[in-house]
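Descriptive analysis of the structure
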Amino acid sequence: MATAADFSLGKVDVAMTPRERFAEFLQARGKRITRQRQMIVEHVSSHNEHFDAEQLLEGLRKTSHGARASRPTVYRTLTEMVDAGLLKKMVLGGRAVYEHDYGYPQHDHLHCTSCQQLIEFSSDELLRIRNAVAGQHQFRAQGHRLIITGICADCRSNRSKSRHQDRV
Ligand SMILES: [Zn+2]
Ligand SMILES: [Zn+2]
């Protein structure tokens, strides 16, 4: 399930638009930015959500220009966008979930294993700990991934409500 987000962590200034960056990446590999690829990049860039390939395909097919998007093209383009540094891929409960990376600040996630909601956060304290741990190993940290799994507030209150009803 995609969680609606509104660039709540702000944006990072970047020199190129995602489409320009993608075109450059493809060009360096002797590939062209085809209409289909272009349409996918633009669609993804205009939404800030966590999504999987099937949700993207569904979303594309609802648009006039994406009505004929093919599944293999969507999967291939997603992989290319990850390689180009535009998207980040996470695997949550066996499902590949993508999100923006280019122009979006470093952040971590809370993942509700009940409703699959992803909550984003960023913590300076966490970065300090990361860098201190890396330093202890003479290691220079460039990035990290932290996904805290558990049950979100909504699901917890639904659960306690249903437990309460069971007793009544
Ligand atoms: Zn939940
Ligand atoms: Zn995120």
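Throughout what follows, the structure given in this document is the object of discussion. Remember, it's a predicted structure, so these values are computed and weren't measured experimentally.

**Comments concerning the sheet that holds strand E5 (residues 147-150)**
- Taken together, the 3 strands give an open sheet; going across it, the order is E4-E3-E5, and neighbouring strands pair in mixed fashion. Only two strands of the sheet have a single partner each, and these edge strands are strand E4 (118-121) and E5. Taking each pair of neighbouring strands and ignoring which way they run, the sheet shows an average axis angle of 20 degrees.

**Regarding the coordination of the zinc ion (ligand 1)**
- Within the protein, Cys-112 (SG), Cys-115 (SG), Cys-152 (SG) and Cys-155 (SG) serve as the donor atoms for the zinc ion (ligand 1), at 2.2 to 2.4 Å.
- For the zinc ion (ligand 1), the 4 donor atoms are set out with angles of 104 to 113 degrees between them, so the coordination reads as tetrahedral.
- Taken in sequence order, the residues that donate to the zinc ion (ligand 1) follow the motif C-x2-C-x36-C-x2-C. Both residues of the pair, Cys-152 and Cys-155, belong to the buried class.

**What to know about the packing of helix H1 (residues 18-28) against helix H2 (residues 35-45)**
- Axis separation between H1 and H2 bottoms out at 10 Å; the angle between their running directions is 140 degrees. Every pair of crossing elements has a handedness; the one defined by H1 and H2 is right-handed. Of H2, the residues touching H1 (which contributes Pro-18, Arg-19, Phe-22 and Leu-26) are Arg-37, Gln-38, Val-41, Glu-42 and Ser-45.
- Looking at side-chain class alone, the contact of H1 with H2 contains 4 nonpolar, 2 polar and 3 charged residues.

**Quick word on the coordination of the zinc ion (ligand 2)**
- The coordination sphere of the zinc ion (ligand 2) contains the protein donors His-50 (NE2), Glu-99 (OE), His-107 (NE2), His-109 (NE2) and Glu-120 (OE), at a distance range of 1.9 to 2.5 Å.
- Sequence spacing of the donors to the zinc ion (ligand 2): H-x48-E-x7-H-x1-H-x10-E. With a gap of 49 residues between them, His-50 in the loop between H2 and helix H3 (53-61) and Glu-99 in strand E2 (residues 95-100) connect regions that are remote in the sequence. Side by side, His-50 and Glu-99 carry an identical accessibility label, which is buried.

**Concerning the layout of surface pockets**
- Of the pockets and cavities examined, the largest pocket occupies roughly 240 Å³.
- In this structure, the largest pocket is lined by 15 residues; those nearest its centre are Lys-11, Pro-18, His-100, Tyr-102 and Gly-103.
- Residues of the lining of the largest pocket, tallied by class, amount to 10 nonpolar, 3 polar and 2 charged.

**Description of the packing of H2 against helix H4 (residues 71-83)**
- It is at 10 Å that the axes of H2 and H4 come closest, and there the two elements cross at 65 degrees. One way to sum up the angle between H2 and H4 is to call them roughly perpendicular. Of the two possible hands of crossing, H2 and H4 adopt the one that is right-handed. When H2 is examined against H4, the residues Gln-36, Arg-37, Ile-40, Val-41 and Val-44 are found in contact with a partner set consisting of Thr-73, Val-74, Thr-77, Glu-80 and Met-81.
- Among the residues making up the contact of H2 with H4, the classes are represented as 5 nonpolar, 3 polar and 2 charged.

**Section: empty space enclosed by the protein**
- Taken as a whole, this structure holds 1 cavity of 30 Å³ or more when the rule is applied.
- In this structure, the largest cavity is lined by Lys-88, Met-90, Glu-99, Gln-106, His-107, Asp-108, His-109, His-144, Arg-145, Leu-146 and Ile-147.
- Among the elements of the structure, strand E1 (87-92) and strand E3 (108-112) are those that each provide at least two residues to the lining of the largest cavity.
- Residues belonging to the lining of the largest cavity are distributed by class as follows: 3 nonpolar, 4 polar and 4 charged.

Definitions and cut-offs
- Residues numbered from 1 in each chain as written.
- Chains lettered and ligands numbered in written order.
- Predicted model: local features only at pLDDT ≥ 70, side-chain atom pairs only at ≥ 80, totals over all residues.
- Heavy atoms only, no water.
- Pairing = 2+ DSSP bridges.
- Helix = DSSP H or I, 4+ residues; strand = E, 2+ residues; numbered from the N terminus.
- Axes fitted to C-alpha atoms, helices over the stretch in contact; angles between N-to-C directions.
- Donors = N, O, S within 2.8 Å, 3.2 Å for Na, K, Ca; no water.
- Tetrahedral: all angles 85-135°; square planar, octahedral: opposite > 155°, others 65-115°.
- Buried < 20%, exposed > 50% of the residue type's maximum accessible area, 1.4 Å probe, protein only.
- Left-handed = near helix turned anticlockwise from the far one by under 90°.
- Contact = heavy atoms within 4.5 Å.
- Nonpolar A, V, L, I, M, F, W, Y, C, P; charged D, E, K, R; others polar.
- 1 Å grid on protein atoms, 1.4 Å probe; cavity = no way out; pocket = protein on both sides within 12 Å on 5 of 7 lines; lining within 4 Å.
- Points joined across faces, edges and corners; volume = space filled by probe spheres on them.
- Parallel < 35°, antiparallel > 145°, perpendicular 65-115°, else oblique.

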